[in-house]
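Listed here are the chains, written in short residue letters.
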Amino acid sequence: MRTTAKKRAALDGARQAAQRVHNQAQSRRDAKADHRIVDADRFLLPTYKRPPLVFSHGRGAYLFDATGKKYLDFLGGIAVNALGHAHPQIVKTIRREAARAIHLSNLFHNAYQGPLARKLAEWSGLDRVFFANSGTEAIDGALKLARLCSRTPGERPNAPARKHHIVALENSFHGRTFGALSVTSTEKYRLPFAPSLPGVQFVRFNDVADLESKFDDTVSAILLETIQGEGGVYPVSESFWNRARALATQHGALLIADEIQCGLGRTGRYFAYQKFSSKPDIAVVAKPLAGGLPLGAILTSEAVAGHISPGLHGTTFGGGPLVCATALVALETIDRQKLLANVRERGGEICAGLEKLAAEFDFIREIRGEGLMIGIELSREGGPFVTEALNRGLLINCTHDFTLRLLPPFIITRAQVREFLNLLEQVFRAVPQSAAAASSQAHTKSAQAAHSAAGFQGGPYAHTLTPKG
Ligand code: PLP
């Protein structure tokens, strides 16, 4: 009796696998013929490697492609879609404001910049806000503020600033414009565009001694991601933060927290730095700020704000009425729906589930992160797992070759966490050793190895499972 049931299950499994292969082949054929992909391949700058599918719409934590296939979205537009897709409040606000005024010049007040700035000040504990269009642009603005603040009273205002060094961290990512790129340590992004901004020094991640050795009175700012995102989900340690804060104060430099990926609720706090006892001088946010519309912001103290005056910085589009109205609703929704608690609870469930999987799959080396910003460090390359997940209707991403990164929306439910864990287990089971094997040796060169050497101390989820794999 039991043997018959087993045979039937095996047959069902084989049938489902054959159907899946058939469906994939069909969607590849469809995609090839899809004129939108043909046009993209023919006319776009080749800056991305994309799978051959076109997403048509989303709802909550799900996305749908042009063939109607459904995907559980655990990437969230790389930390943008905090409220999921087509959130009714966001849709309603965009409709309403589009019919009023999409754009008004920054030469005039609009109805939403002030209230949104007030909300961000309340959340952050900082005092003043400048709105930009993206993360990288906000980082560049923050570096400009640091330059202004570093000028000493006797210095000629138009001469190159003497105190102009910037300290940033190894393995960092801050964006693609020249300023942000100059403080991004990852060489494959930065070096092809050299020479970059002068005076930048990179400090080993969480290495207090290295930080101390590179800090002096010529430093105008230390810039860090409170949790490194692109670098593989590595939280800055409390001792490193405290030392950076103290050195910045001692040498008259600014501590700038890049919270573009980890801020605005992602860790279960409004800002990731709020787990520490001190504040930065500047916090930079973007990604989830406006519910999916492009908006970045520089938040800073009154003392820093005192160095800027009209005409020294500006933007055409940043902080328009439609985008600010939407951002205000997005932040109010996070408060009203108590989403920070959901982030903490669902994050805890995901990590507990991942630890169970780690007991079964020995290529899982470490699970780290906070709230709904989670990295799963593998001893094999992550690419094949991302592809298999996509085939099975799950969207995740791999960063620094070996870390699967999860950035689901804040609205995910307990049932969706279970769905995710089931899907991921299937993915881990399905990817053949050979597809991901080539790499365990290369892994010694990975970011994880660099971080281990620098004495990485993770956040609440940091759970090293080595030696393994
Ligand atoms: N800083 C961090 C930590 C980021 O993760 C990113 C984007 O991934 C940026 C800056 C750049 O932001 P944007 O792509 O909006 O320019």
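Cut-offs applied
- Residues numbered from 1 in each chain as written.
- Predicted model: local features only at pLDDT ≥ 70, side-chain atom pairs only at ≥ 80, totals over all residues.
- Helix = DSSP H or I, 4+ residues; strand = E, 2+ residues; numbered from the N terminus.
- Buried ≥ 20, exposed ≤ 12 C-beta atoms within 10 Å, placed from the backbone.
- Contact = placed C-beta atoms within 7 Å.
- Near = placed C-beta within 6 Å.
- Nonpolar A, V, L, I, M, F, W, Y, C, P; charged D, E, K, R; others polar.
- Core = buried A, V, L, I, M, F, W, Y, C linked by C-beta atoms within 7 Å.
- Domains from an automatic or database assignment.
- Pairing = 2+ DSSP bridges.
- Axes fitted to C-alpha atoms, helices over the stretch in contact; angles between N-to-C directions.
- Left-handed = near helix turned anticlockwise from the far one by under 90°.
- Parallel < 35°, antiparallel > 145°, perpendicular 65-115°, else oblique.
- Expected span 1.5 Å × (residues − 1).
- Arc of directions from axis to C-beta.

1. A look at the overall build of the protein
Helix and strand counts for the protein come out as 17 helices and 18 strands. Here the protein holds 469 residues, and the buried ones make up 46% of them. Put simply, of all contacts in the protein between residues at least 6 apart along the chain, 74% involve residues at least 24 apart.

2. Here's the deal with the site of the ligand
Taken together, the neighbourhood of the ligand is formed by 15 residues, with Ser-134, Gly-135, Thr-136, Gly-175 and Gln-261 sitting nearest. For the shell around the ligand, a count of residues per class yields 5 nonpolar, 7 polar and 3 charged.

3. Focus on the nonpolar core
Counting 121 residues, the largest nonpolar core has Ile-222, Ile-256, Ala-297 and Ile-298 as the members making the most contacts within it. Here this core gets 10 residues from one element, more than from any other, and that element is helix H12 (residues 321-336). Summarising the domain contributions, this core has at least three residues from each of domain 1 (54-84 + 340-464) and domain 2 (89-336). The residues contacting Ile-256, other than those within four sequence positions of it, are Ala-142, Ala-146, Ala-221, Ile-222, Leu-223, Pro-280, Asp-281, Ile-282 and Val-284.

4. Here's the deal with the pairing of strand S11 (residues 282-285)
Alternating residues of S11 divide into Ile-282 and Val-284 and Ala-283 and Val-285, and every residue in both groups is buried. Across 4 bridges, S11 lies against strand S12 (residues 296-300) in antiparallel orientation. Paired with Ile-282 across the bridge in S12 is Thr-300.

5. Considerations on the packing of helix H5 (residues 113-124) against H12
As a packed pair, H5 and H12 sit with axes 9 Å apart at the nearest point and diverge in direction by 35°. Seen along the crossing, H5 lies across H12 with a hand that is left-handed. Packed against H5, whose contacting residues are Gln-113, Pro-115, Leu-116 and Lys-119, the element H12 presents Cys-324, Ala-327, Leu-328 and Leu-331 at the interface. Taken together, the residues of the contact of H5 with H12 break down into 6 nonpolar, 1 polar and 1 charged.

6. Considerations on the packing of helix H4 (residues 88-98) against H12
The interhelical angle for the contact between H4 and H12, taken along N-to-C directions, is 155°, at an axis separation of 9 Å. The angle between H4 and H12 falls in the class roughly antiparallel. As for how H4 packs across H12, the hand of that crossing is right-handed. Packed against H4, whose contacting residues are Gln-89, Ile-90, Thr-93, Ile-94, Glu-97 and Ala-98, the element H12 presents Pro-321, Leu-322, Ala-325, Thr-326, Val-329, Ala-330 and Thr-333 at the interface. Split by residue class, the contact of H4 with H12 holds 8 nonpolar, 4 polar and 1 charged.

7. Comments concerning the sheet that holds strand S15 (residues 394-395)
In space, the 4 strands of this open sheet follow the order S1-S2-S3-S15, with mixed pairing throughout. Pairing within the sheet leaves two strands with one partner each, and these edge strands are strand S1 (55-59) and S15. In terms of strand pairing, strand S2 (residues 62-65) meets strand S3 (residues 70-73) through 3 bridges, oriented antiparallel. Residue pairing across strands places Phe-64 opposite Lys-70, the latter belonging to S3.

8. A short note on the sheet that holds strand S6 (residues 200-203)
Spatially, 7 strands are ordered S4-S12-S11-S10-S7-S5-S6 in an open sheet, and the strand pairing comes out mixed. In this open sheet, the two edge strands, each paired with only one partner strand, are strand S4 (128-132) and S6. Across the sheet, the axes of successive neighbouring strands diverge by a mean angle of 20°, strand direction being ignored.

9. Re unusual backbone geometry
Cis geometry is found at the peptide bond from Ala-194 to Pro-195, where omega equals 5°. Within the element layout of this structure, Pro-195 appears in the loop between helix H8 (187-190) and S6. At Ala-86, a position not held by glycine, the phi torsion is positive, near 55°. With respect to the helices, strands and loops of the structure, Ala-86 is situated in the loop between helix H3 (76-79) and H4. Owing to 14 C-beta atoms within 10 Å, Ala-86 belongs among the partly exposed residues under this scheme.

10. A word on H5
Because each turn of an α-helix spans 3.6 residues, side chains separated by three or four positions end up pointing in the same direction. Look at H5: 16 Å from first C-alpha to last across 12 residues, which is about the 16 Å you get at 1.5 Å a residue. Buried within H5 are the following residues: Gln-113, Leu-116, Ala-117, Leu-120, Trp-123 and Ser-124. Projected down its long axis, H5 shows its buried positions confined to an angular sector of 125°, all on one face. Structural note: H5 exposes Gly-114, Arg-118 and Glu-122 on the side pointing more than 90 degrees away from its buried face. Where H5 is buried, its residues contact S4, S11, S12 and H12. Gly-125 occupies a position one or two residues after H5 and carries a positive phi of about 80°.

11. Some words on H12
Between its first and last C-alpha atoms H12 spans 22 Å; for 16 residues at 1.5 Å apiece the expected length is 22 Å, and the two agree. When you tally the buried positions in H12, you get 12 out of 16 residues, the bulk of the element. Of all the positions in H12, only Leu-322, Val-323, Cys-324, Ala-325, Thr-326, Ala-327, Leu-328, Val-329, Ala-330, Leu-331, Thr-333 and Ile-334 are classed as buried. Buried residues along H12 sit against H4, H5, S4 and helix H13 (339-360). Where H12 terminates, the next one or two residues include Lys-338, which has phi positive at roughly 50°.

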